[in-house]
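# Coordinate inspection notes
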Amino acid sequence: HWESFEALSLQILNDIYKEKPNKISYLTPKKSDGGYDGILCFSNNSTDAEELYKVLLEAKLRSKGKHDLPLSDFAKTIIIAINTISDKVYISTNAFFTAETVKRLSYYQNRTGLEIRTIDIRFISDWLKNHPGAAEQFEDRELIDYLTKVNLPPNTAQQLLSPSSH
């Protein structure tokens, strides 16, 4: 299911950035991906390389029993994003981000200038419900059914770093 989850996460990013000109996006190779799963770039109608806006994606599919995604599961991606001079990094998961993780991400964002956005199970489930045509395109019906029908607890601090504030 992890390959389908990576593809879905990249599709969500493409939807978030659908208005950006000269956009390209792709998933990294399945092996030796360098610590991130996808990349999205756009240039705002400029040919100047310094105007290239670069977004990295890390997609973390967890077993149904795991409810929180710890920072240690994706810290490498944040380091890579800083080292590759990315403008933004999205961490996508079928779990939640703890309040402590969100607090640390906010701290790292403020200290490094790297924009860090989280996409959790609540956002993904809502996105799939609001984009039924996109959900129908995925062959992995078991994953899509799980993501759209999961029972979610009341909203908590997990959305402090909103994915759609680009």
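Here goes a summary of the coordinates provided. Nothing here was measured: the structure is a model prediction, and the numbers come from that model.

## Comments concerning the pattern of salt bridges
For the structure shown, the criterion picks out seven salt bridges. Measuring nitrogen to oxygen at the nearest pair gives 3.1 Å for the salt bridge that ties Asp73 to Arg62. In this pair, Asp73 is assigned in the loop between β3 (53-60) and α2 (75-83) and Arg62 in the loop between β3 and α2, connecting sequence segments 11 residues apart. Its salt-bridge partner being Asp145, residue Arg141 comes within 3.7 Å of it at the nearest N-O pair. Remark: Asp145 and Arg141 occur in helix α6 (residues 141-149); sequence separation between them is four residues, near one turn of the helix. Residue Arg141 is classed as partly exposed on the basis of its relative accessible area, which comes to 36%. Using a relative accessible area of 31% as the deciding quantity, one classes Asp145 as partly exposed. Here the salt bridges do not stand alone but share partners, grouping Lys88, Glu115 and Arg117 into one network.

## Brief notes about the sheet that holds β3
Taken together, the five strands give an open sheet; going across it, the order is β1-β2-β3-β4-β5, and neighbouring strands pair in mixed fashion. With partners counted over all chains shown, the strands left at the sheet margins are β1 (24-27) and β5 (115-119), one partner each. Averaged over neighbouring strand pairs, the angle between their axes works out to 15° when direction is ignored. Sheet topology places strand β2 (residues 38-42) next to β3; five bridges connect them, and they run antiparallel. Note on β3: the bridge partner recorded for Ile39 is Leu56.

Cut-offs applied
- Residues numbered from 1 in each chain as written.
- Predicted model: local features only at pLDDT ≥ 70, side-chain atom pairs only at ≥ 80, totals over all residues.
- Heavy atoms only, no water.
- Salt bridge = Lys/Arg side-chain N within 4 Å of Asp/Glu carboxyl O.
- Helix = DSSP H or I, 4+ residues; strand = E, 2+ residues; numbered from the N terminus.
- Buried < 20%, exposed > 50% of the residue type's maximum accessible area, 1.4 Å probe, protein only.
- Pairing = 2+ DSSP bridges.
- Axes fitted to C-alpha atoms, helices over the stretch in contact; angles between N-to-C directions.

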